[in-house]
Amino acid sequence: MSDVIRNVLVVNAGSSSLKFMLFDMASEQMLAKGQVERIGIGNALFTFSTEGFAEKQSPCEAPDHAAAIRLACDALTDPAKGGCLKSFADIDAVGHRIVHGGEKYSQPVKLDEHALTEIEKLSPLAPLHNPGALQGIRGCEQVLPGVPHVAVFDTAFHQTMPEESYLYALPRELHDKLGVRKYGFHGTSHRFVTERAAEVLGKPLDQVNLVTCHLGNGSSITAVKGGKCFDTSMGMTPLAGVVMGTRSGDVDPAIAFYLMKNGYSAEDVDTLFNKQGGVCALGGSSDMRDICAACEKGDHNAQVALARLVHSYAMYVGGYVALLGHTDAIILTGGIGENSWETRQAFLKVLSGLGVTLDAETNRHVRGVEATISGKDSAIPVIVIPTNEELMIARETFTLLSK
Ligand code: AMP
């Protein structure tokens, strides 16, 4: 490995999948990307594309995460597939996305045995995510030994929340002994759009107050004060907050006890709130393209689902605007925030009480690009900023290792 960090591989591993992207940090260009699905299950699939080579999917052998990352590295070094590296040694660093860093990690960390043990200890807080990410790290270390590996945490950006934001009104010992508190998620995305918003607004990062809305299959809304997270809608788990694709978001917690007294198991309730709720439960699809198309046709359930969704967004935005005192801008990002003009239109209409206005014509045409969609007379500008979590992970990896 050279001392200069040029090529950073970003890895996002789950228990049976591994997504990757390669960045040239001199230009911040994405050079290649791909994923391996069905790791360890059989009938694994490998997808790969680069700037000049269209996406190609092929069956592959991926009994474990090491095999998956080897497939990725083989493609990255194979000119016939569009790979632009000469050898594995051209990968200067690997940045790993880790969902949960608990209270331990407010910054990225260079991985060693100690850090891996700490991340493993946090697995009970993210049982569906951290174990898979750890398998990914172990696999990458086997295939790319001697390369620095960095963990970038989804929760890290939110570690600046004050106690009044992150403590639940429950006995303190639940926090002290069991880690019961708000952690928040999508931190890498909220950080990315916060930094970009400061540039767009022409303000120093530490003077910028924002409400950042990451709206996708999973959604969270964050109050950013002086460039740092002040509060966020997700909680101890990514179930809390606004209505999502299949997650209920905030509900009366007593509903869980009520259902359990009526024959539901804890697992049933978990499945109900996480996988059978959200706009899917109300409108029949978790995808806003379907919901908006059904609204257009006059489908009542879809209309209620859309109204309930933007109602829940507005409750957080209104609360955060009040808490921030002054808000420089409301930022929209994520699959819905970047692409669904109908959802944005409905959302901004509900925000009219805050003096927010909509530039309907501009909004209609904004899809995956940066743009201000509020009217010139809006009390708070509303700006769409496409997120790039992978680039943020690459940047954080680069910055940590260049120190
Ligand atoms: P994400 O989880 O950020 O990838 O967001 C995925 C969601 O974004 C999808 O389920 C859709 O609801 C929404 N979405 C993505 N693309 C579009 C589009 N072109 N128009 C409307 N909604 C979209």
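Attention in this report is confined to the structure presented alongside it. (Residues numbered from 1 in each chain as written. Predicted model: local features only at pLDDT ≥ 70, side-chain atom pairs only at ≥ 80, totals over all residues. Heavy atoms only, no water.)

Section: the site of the ligand
In the vicinity of the ligand, the contacting residues are G216, N217, S286, D287, M288, R289, G334, G335, I336, N339 and S340. Within the side chain of D287, a nitrogen or oxygen atom sits 3.5 Å from an oxygen atom of the ligand. Contact between the ligand and R289: a nitrogen atom at 3.4 Å from a side-chain N or O atom of the residue. Within the complex, the protein chains bury 73% of what would otherwise be the 500 Å² of accessible surface of the ligand. Of all the elements in the fold, those that place two or more residues in the shell around the ligand are α10 (288-296) and α12 (334-339). Counting residues per element, the shell around the ligand draws most heavily on α12, which supplies four residues. (Near = heavy atom within 4 Å. Polar contact = N/O pair within 3.5 Å; in protein donor to acceptor, adjacent residues only side chain to side chain. Areas by Shrake-Rupley, 256 points an atom, 1.4 Å probe, with all protein chains shown as cover. Helix = DSSP H or I, 4+ residues; strand = E, 2+ residues; numbered from the N terminus.)

Section: the environment of G179
Tracing the backbone shows G179 in the loop between α5 (172-178) and α6 (187-201). G179 gets classed as buried once you look at its relative accessible area, which sits at 13%. With 57 residues separating them in the primary sequence, G179 and M236 have C-alpha atoms 8.6 Å apart. Not counting chain neighbours up to four residues away, the residues in contact with G179 comprise L125, L174 and M236. (Buried < 20%, exposed > 50% of the residue type's maximum accessible area, 1.4 Å probe, protein only. Contact = heavy atoms within 4.5 Å.)

With respect to the nonpolar core
Counting residues in each nonpolar core, the largest one holds 40 residues, and the members touching the most others are I221, I330, L332 and F347. The greatest single-element share of this core, amounting to twelve residues, is contributed by helix α11 (residues 300-324). If sequence neighbours within four positions are ignored, L332 has contacts with C213, L215, G337, R344, F347, L348, I373, V382, I383, V384 and I385. (Core = buried A, V, L, I, M, F, W, Y, C linked by side-chain atoms within 4.5 Å.)

Describing the sheet that holds strand β4 (residues 44-50)
Pairing is mixed in the open sheet, where eight strands are placed in the order β5-β4-β3-β2-β1-β6-β8-β7. Each edge of the sheet is formed by a strand with only one pairing partner; in this case those strands are β5 (56-60) and β7 (109-110). Docked against the sheet, helix α1 (residues 65-76) engages β1 (7-13), β2 (17-24), β3 (29-37), β4 and β5, running at close to 35° with respect to β2. (Pairing = 2+ DSSP bridges. Axes fitted to C-alpha atoms, helices over the stretch in contact; angles between N-to-C directions.)

As for α10
Quick reminder: α-helices carry 3.6 residues per turn. Residues three or four places apart thus point the same way. Along α10, the residues that are buried comprise M288, I291, C292, A294 and C295. What you see down the axis of α10 is that its buried residues fit within an arc of 160°, all on one side. α10 presents R289 and E296 as exposed residues on the side facing more than 90 degrees away from its buried surface. For α10, the elements touching its buried residues are α9 (278-283), α11, α12 and α13 (341-350). Its side-chain oxygen 2.8 Å from the backbone nitrogen of R289, D287 forms the N-cap of α10. (Arc of directions from axis to C-beta.)

Some thoughts on empty space enclosed by the protein
For the structure shown, the criterion picks out three cavities of 30 Å³ or more. By volume, the largest cavity is sized at about 50 Å³. For the largest cavity, the full set of lining residues is L167, Y168, L170, P171, R172, L174, H175 and V180. Across the lining of the largest cavity, the residue classes tally to six nonpolar, one polar and one charged. (1 Å grid on protein atoms, 1.4 Å probe; cavity = no way out; pocket = protein on both sides within 12 Å on 5 of 7 lines; lining within 4 Å. Points joined across faces, edges and corners; volume = space filled by probe spheres on them. Nonpolar A, V, L, I, M, F, W, Y, C, P; charged D, E, K, R; others polar.)

Section: the pattern of salt bridges
Counting across every chain of the model gives 14 salt bridges. Taking the shortest distance from any N to any O, the salt bridge between E103 and R181 comes out at 2.8 Å. Here the residue E103 occupies a position in the loop between β6 (93-98) and β7, and R181 occupies one in the loop between α5 and α6, the gap between them amounting to 78 residues. Notably, a salt bridge pairs R191 with E396, separated by 3.4 Å at the nearest N-O pair. In this pair, R191 sits in helix α6 while E396 sits in helix α15 (residues 389-402), placing the two residues 205 residues apart along the sequence. Across this residue pair, the class does not change: R191 and E396 are buried. Salt bridges sharing common partners tie together R196, E199 and E370. (Salt bridge = Lys/Arg side-chain N within 4 Å of Asp/Glu carboxyl O.)

Some words on the side chain of T222
Note that T222 resides in strand β10 (residues 219-225). Among the polar contacts made by the side chain of T222, one reaches the side chain of H190 at a distance of 3.3 Å. At 2.8 Å, the side chain of T222 and the side chain of T232 are in polar contact. Excluding residues that lie within four positions of it along the chain, T222 makes contacts with F157, H158, H190, L210, V211, T212, C229, D231, T232 and Y320.

Quick look at helix α3 (residues 130-143)
Compared with the 20 Å implied by 1.5 Å per residue over 14 residues, the 20 Å span of α3 between its first and last C-alpha is a close match. Listed as buried for α3 are N130, G132, A133, L134, G136, I137, G139, C140 and V143. Of the surrounding elements, those touching the buried residues of α3 are β1, α1, β6, α2 (113-121) and β8 (149-153). (Expected span 1.5 Å × (residues − 1).)

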